[in-house]
Amino acid sequence: MRILTELLLKEKKRQAELDAKMKKFTEDAIKFKMDDTAELYDFDDEKDESKFDFKKIVSENWIEPPKRERKRNYSESEYFKQTMRQGGPAKPKEPRIPRMPQLHDFQFFNTQRLSELYEKEVRYLMQTHQKNQLKDTIDVDEPEGGDPLTAEELEEKERLLEEGFSSWSRRDFNTFIRACEKYGRNDIKSIALEMEGKTEEEVERYAKVFKERYKELNDYDRIIKNIERGEARISRKDEIMKAIGKKLDRYKNPWLELKIQYGQNKGKLYNEECDRFMICMVHKLGYGNWDELKAAFRTSPLFRFDWFVKSRTTQELARRCDTLIRLVEKENQEYDERERQARKEKKLAKNMTPSKRAAGRQQPNESPSSLKKRKQLSMDDYVNSGKRRK
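Residues numbered from 1 in each chain as written. Predicted model: local features only at pLDDT ≥ 70, side-chain atom pairs only at ≥ 80, totals over all residues. Heavy atoms only, no water.

Structural notes on helix 11 (residues 272-285)
Reasoning step 1: For helix 11, with 14 residues, the first-to-last C-alpha span of 20 Å sits near the 20 Å given by 1.5 Å per residue.
Reasoning step 2: Those residues of helix 11 lying buried are Cys-274, Asp-275, Arg-276, Phe-277, Met-278, Ile-279, Cys-280, Met-281 and Val-282.
Reasoning step 3: A positive phi of about 105° marks Gly-286, the residue just after helix 11. (Helix = DSSP H or I, 4+ residues; strand = E, 2+ residues; numbered from the N terminus. Expected span 1.5 Å × (residues − 1). Buried < 20%, exposed > 50% of the residue type's maximum accessible area, 1.4 Å probe, protein only.)

Pasting the structure below:
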């Protein structure tokens, strides 16, 4: 208990000392008192005249430094030019050179003729400008000036600029080439649907010029080969569709009656019902639409439980379809050959006389001796008929 009392007394004493210090600090801060002998509000009005006023001395003897200037390269020729121009005539303005538009190869401008007209126009303007500059200087022989463009040449220039396809960009040209590869150069309507911002008439006009002047392109060999390759695919697709159509036309209900002559290429994975459905669906959807063909197999009730067919990929269906198309084309060739042979025999039979047809029918059953006797009788009848006519 005694220890606790001593601690409390010490704490009170320490707190009292701290309060006294804070009170003294607050009073000094209010008076801005810096030490015990000096205060901020005390001023020394007495000046010591023996001391130097450095601020006054510096201000009286201060020399302003020069301002910084950007360095310029001195040119004697420029100096004399400016000196001679003072008081002289004003310098004539430079001629306004017409700007020649950028001519790309796929825009099919007549570049050669437009360049000739542009050079002639620029040459005349430059020579006219030089002549005006020399008039007010020294007397020299005037250079021979070129002739300006005539009215016919100006009209020709405008016509040549309108004949080109200045509104066609590189992107439009690439889109046109891809559309030609996809649809062929003659399907203008389908090509125009692929072009953005171009009407069918504009595409038709461009396609006509492209067909006539495609050799003016820088890389026309590669472009034409790609287009021809695409057109070959289109032609092959048409041949396939015609072959399938010709095959189906021989059946009243091909979905149920169509038969394929497999030969040795039937295979063990696909059955006849699957192949029949595939041929009929290709005729309906078109060759090459393998995603639609796969969806047709998946949704058809005929193959509800045929997990093999429903799990085939588009590449596998395409390979099977190509195999069936080759069989169909081979069958069509054999059918055409039989039809051709039948027509030929029918034509020969029609041209034969009744006696020849009868002789042809009896000829295999006759012996050589009877045939010789029959020919002799026929010859005698011919001779006798001639004598009676005489």
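Overview of a negative patch on the surface
Reasoning step 1: Together, Glu-200, Glu-201, Glu-202 and Glu-204 make up a region of like negative charge exposed at the surface.
Reasoning step 2: Along the chain, the position of Glu-204 falls in helix 8 (residues 200-213). (Patch = residues over 30% accessible without salt bridge, like charges linked within 9 Å, V, L, I, M, F, W, Y side chains within 5 Å. Areas by Shrake-Rupley, 256 points an atom, 1.4 Å probe, with all protein chains shown as cover. Salt bridge = Lys/Arg side-chain N within 4 Å of Asp/Glu carboxyl O. Lys, Arg positive; Asp, Glu negative; His and termini not counted. Charge placed at Lys NZ, Arg CZ, Asp CG, Glu CD.)

Considerations on helix 8
Reasoning step 1: Taking 1.5 Å as the rise per residue, helix 8 with 14 residues should run 20 Å; its terminal C-alpha atoms sit 20 Å apart, in good agreement.
Reasoning step 2: Among the residues of helix 8, Val-203, Tyr-206, Ala-207, Val-209 and Phe-210 are the ones counted as buried.
Reasoning step 3: Where helix 8 is buried, its residues touch helix 6 (170-183), helix 7 (188-194) and helix 9 (220-248). (Contact = heavy atoms within 4.5 Å.)

As for the environment of Lys-215
Reasoning step 1: Counting through the fold element by element, Lys-215 comes out in the loop between helix 8 and helix 9.
Reasoning step 2: For Lys-215, a relative accessible area of 57% corresponds to the exposed category.

Some details on the environment of Leu-258
Reasoning step 1: Relative to the elements of secondary structure, Leu-258 occurs in the loop between helix 10 (254-257) and helix 11.
Reasoning step 2: Judged by its relative accessible area of 1%, Leu-258 is buried.

Notes on the packing of helix 11 against helix 14 (residues 314-351)
Reasoning step 1: It is at 10 Å that the axes of helix 11 and helix 14 come closest, and there the two elements cross at 90°. Between helix 11 and helix 14, the crossing angle belongs to the class labelled roughly perpendicular. Every residue of helix 14 that contacts helix 11 at Asp-275, Met-278, Ile-279 and Val-282 is listed here: Leu-317, Arg-320, Cys-321, Leu-324 and Val-328. (Axes fitted to C-alpha atoms, helices over the stretch in contact; angles between N-to-C directions. Parallel < 35°, antiparallel > 145°, perpendicular 65-115°, else oblique.)

Some points on the packing of helix 9 against helix 14
Reasoning step 1: The interhelical angle for the contact between helix 9 and helix 14, taken along N-to-C directions, is 65°, at an axis separation of 10 Å. Where helix 9 crosses over helix 14, the handedness of that crossing is left-handed. Of the residues in helix 14, those touching helix 9 at Arg-236, Ile-240, Ala-243, Ile-244, Lys-246 and Lys-247 are Ile-325, Val-328, Glu-329, Glu-331, Asn-332 and Asp-336. (Left-handed = near helix turned anticlockwise from the far one by under 90°.)

Notes on the pattern of salt bridges
Reasoning step 1: A complete count under the given rule lists 14 salt bridges for this structure.
Reasoning step 2: Salt-bridge contacts for Lys-182 lead to Glu-194; the nearest nitrogen and oxygen are separated by 3.8 Å. Residue Lys-182 is located in helix 6, and its partner Glu-194 is located in helix 7; the two are separated by 12 residues in the primary sequence.
Reasoning step 3: Take Lys-182: its relative accessible area is 51%, and that puts it in the exposed class.

A look at the side chain of Asp-105
Reasoning step 1: Inspection of the secondary structure puts Asp-105 in the loop between helix 3 (76-85) and helix 4 (111-135).
Reasoning step 2: Despite being buried, Asp-105 has no salt bridge partner; Arg-170 is the closest side chain of opposite charge, sitting 4.1 Å away.
Reasoning step 3: Separated by 3.1 Å, the side chains of Asp-105 and Asn-218 make a polar contact. (Polar contact = N/O pair within 3.5 Å; in protein donor to acceptor, adjacent residues only side chain to side chain.)

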